[in-house]
Amino acid sequence: MTDMDYDCLVIGGGPAGLTAAIYLTRYHLSLKVIDAGKSRAGWIPCTHNHAGFPGGISGKELLARMREQAQMYGATIETARVTRLDKIEGGFMAEWGSGSVTARKVLLATGITNRRPLMDEDLHNDALARGLIRYCPICDGFEVTDKKVGVIGSGSHGVAEAVFIRGFTDDITLIAPDRAHDLSEEDKAKMKEFGIHCVDGPAEAVAAAEKCITIRTPYGEHVFESVYPALGSDTHTELAGQVGAEIAEDGTLPVDDHQRTSVPGLYAAGDVVLGLDQISHAMGEGGVAATTMRNDLAKEKPIIREHLKGNSIR
């Protein structure tokens, strides 16, 4: 077998990638993590939905703890964005701006990017930090219980998001992002059934006070205590495409029950795979992927721990 720099390469340093890194290093495998530093988990000001932290924990702190844990067991973590992935004899080669590395197995934990609403970037980041802009009602719908909520979106996706949030509050307005709403008769009936208000766009967030955010439309300004963009997302499957992996019609990366992609030796976990888009779910997939990688490596060459002579206490 051709010599490789590492047994395993993890591309992406979010909850899925770092969980896999912890597992893989504890399997005594050599490992490198390349992380572009863009994990969506880092956006979370404070999550109360992650088990084990009853007082909540920020996304940045959670990722920092996971990085520390992986490095404690020997993982090498580098901040960079991998721009090229090639299949080579015995494994893969990944390249980024300042270097390259080879590995026998690769895990893609590259995630997705939420599409942002029209608003100034600094305003967006400030509003996000204070919970005025939220992206995941599964994670934090509880926090908007009985509050005035706006949903920026349209079509069946926007309606579905508004209906989901209706389980937390009875004051919801669905605002079209860029033009008049284009809703089917079924969606209109659903809006009426659930008592969801409807406003045509285009919509732009223009101001954020301490406890509210203002959305401007051609029909006036609307003030909410939180706003959920329901504009979809972009899945980061470019590297998978470079090595010929199958990509689903919805843009996600299909895997089997053990997180294997259609390319032997290439695995995927987290939001890049169709799933729940939750930290706990991503962590679970990271653990499954890491164990599969270890077992697949062991099929190629047995993984046997050699006892070091003179290292025993007698």
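Structure shown above.
Report follows, based on the coordinates. It should be emphasised that the depicted structure is a prediction, and the values quoted were computed from it without experimental measurement.

### Here we look at the packing of helix α1 (residues 15–26) against helix α2 (residues 59–72)
Their axes nearest at 9 Å, the elements α1 and α2 cross at an angle of 20°. On the basis of the axis angle, α1 is roughly parallel to α2. Of the two elements, α1 crosses α2, and the hand of that crossing is left-handed. Two secondary-structure elements touch here, α1 through P15, L18, T19, A21, I22 and T25 and α2 through L63, M66, R67, Q69 and A70. Taken together, the residues that form the contact of α1 with α2 break down as seven nonpolar, three polar and one charged.

### Focus on the side chain of D35
Tracing the chain through its elements places D35 in strand β2 (residues 31–35). Under the relative-accessibility criterion, D35 is labelled buried at 9%. A polar atom in the side chain of D35 sits 3.1 Å from the backbone nitrogen of G13. Setting aside its immediate chain neighbours within four residues, D35 contacts G12, G13, R67, E78, T79 and A80.

### Quick look at the packing of α1 against helix α8 (residues 279–300)
Taken N-terminus to C-terminus, the directions of α1 and α8 make an angle of 40°; their axes are 7 Å apart at the nearest point. As far as their axial angle goes, α8 and α1 are oblique. Considering the relative orientation of α1 and α8, their crossing is right-handed. Across from P15, A16, T19, A20, Y23 and L24 in α1, the residues of α8 making contact are I279, A282, M283, G286, G287, A290, T291 and M293. Here the contact of α1 with α8 is composed, by residue class, of ten nonpolar, four polar and no charged.

### Quick look at α8
For α8, built from 22 residues, the straight-helix expectation of 32 Å at 1.5 Å per residue is met to within 8% by its first-to-last C-alpha distance of 32 Å. Considered for burial, the residues of α8 that qualify are I279, A282, M283, E285, G286, G287, A289, A290, T292, M293, D296 and L297. Structurally, α8 contributes buried residues whose contacts are with β1 (6–11), α1, α2, β6 (99–108) and β16 (266–268).

### Some details on the packing of aromatic side chains
Across all of its chains, the model carries three aromatic pairs by this definition. Note on Y23 and Y27: the rings are 6.4 Å apart at their centroids and 75° apart in plane angle, and the pair reads as edge-to-face. Assessed through its relative accessible area of 38%, Y23 is described here as partly exposed. Its end group placed over the ring of Y73, R26 keeps NZ or CZ at 4.9 Å from the ring centre. Just above the ring of F92 sits the side chain of K87; from NZ or CZ to the centre is 4.6 Å.

### Notes on the sheet that holds strand β14 (residues 226–229)
Adjacent strands of a sheet pair through backbone hydrogen bonds, lying either parallel or antiparallel. Spatial strand order, β10-β9-β8-β14: four strands in an open sheet with parallel pairing. Since the sheet does not close on itself, it has two edges, and those belong to β10 (197–199) and β14, each with one partner. Neighbouring strand axes in the sheet, compared pairwise and without regard to direction, differ in orientation by 25° on average. Inspection of the sheet shows strand β9 (residues 171–175) paired to β10 by three bridges, in the parallel sense. The residue bridging I175 from the neighbouring strand is V199, located in β10. Each of β8 (148–152), β9 and β14 touches helix α5 (residues 155–165); the most contacted strand, β8, lies at about 160° to it.

### As for the pairing of β8
Counting buried positions along β8 gives four out of five residues, so the element sits mostly inside the fold. Strand direction decides the pairing type here: β8 and β9, joined by five bridges, are parallel. Its bridge partner being in β9, V151 is matched across the sheet by L174. Following the backbone out of β8, through α5 and into the adjacent parallel β9, one traces a crossover that is right-handed.

### Details of the nonpolar core
Ranked by size, the top nonpolar core spans 30 residues in total, and within it C8, L24, L31 and L107 carry the most contacts. Elements with a minimum of two residues in this core: β1, α1, β2, α2 and α8. By residue number, the principal contributor to this core is α8, which donates seven residues. Sequence-distant contacts of C8, that is, excluding residues within four places in its chain, are made with L24, L29, S30, L31, K32, A103, K105, M293 and L297.

Scoring rules and cut-offs
Residues numbered from 1 in each chain as written. Predicted model: local features only at pLDDT ≥ 70, side-chain atom pairs only at ≥ 80, totals over all residues. Heavy atoms only, no water. Axes fitted to C-alpha atoms, helices over the stretch in contact; angles between N-to-C directions. Helix = DSSP H or I, 4+ residues; strand = E, 2+ residues; numbered from the N terminus. Parallel < 35°, antiparallel > 145°, perpendicular 65-115°, else oblique. Left-handed = near helix turned anticlockwise from the far one by under 90°. Contact = heavy atoms within 4.5 Å. Nonpolar A, V, L, I, M, F, W, Y, C, P; charged D, E, K, R; others polar. Buried < 20%, exposed > 50% of the residue type's maximum accessible area, 1.4 Å probe, protein only. Polar contact = N/O pair within 3.5 Å; in protein donor to acceptor, adjacent residues only side chain to side chain. Expected span 1.5 Å × (residues − 1). Phe/Tyr/Trp six-rings, centres within 6.5 Å; stacked < 30°, edge-to-face > 60°. Lys NZ or Arg CZ within 6 Å of the ring centre and 35° of its normal. Pairing = 2+ DSSP bridges. Right-handed = clockwise from strand over helix to strand, strands pointing away. Core = buried A, V, L, I, M, F, W, Y, C linked by side-chain atoms within 4.5 Å.

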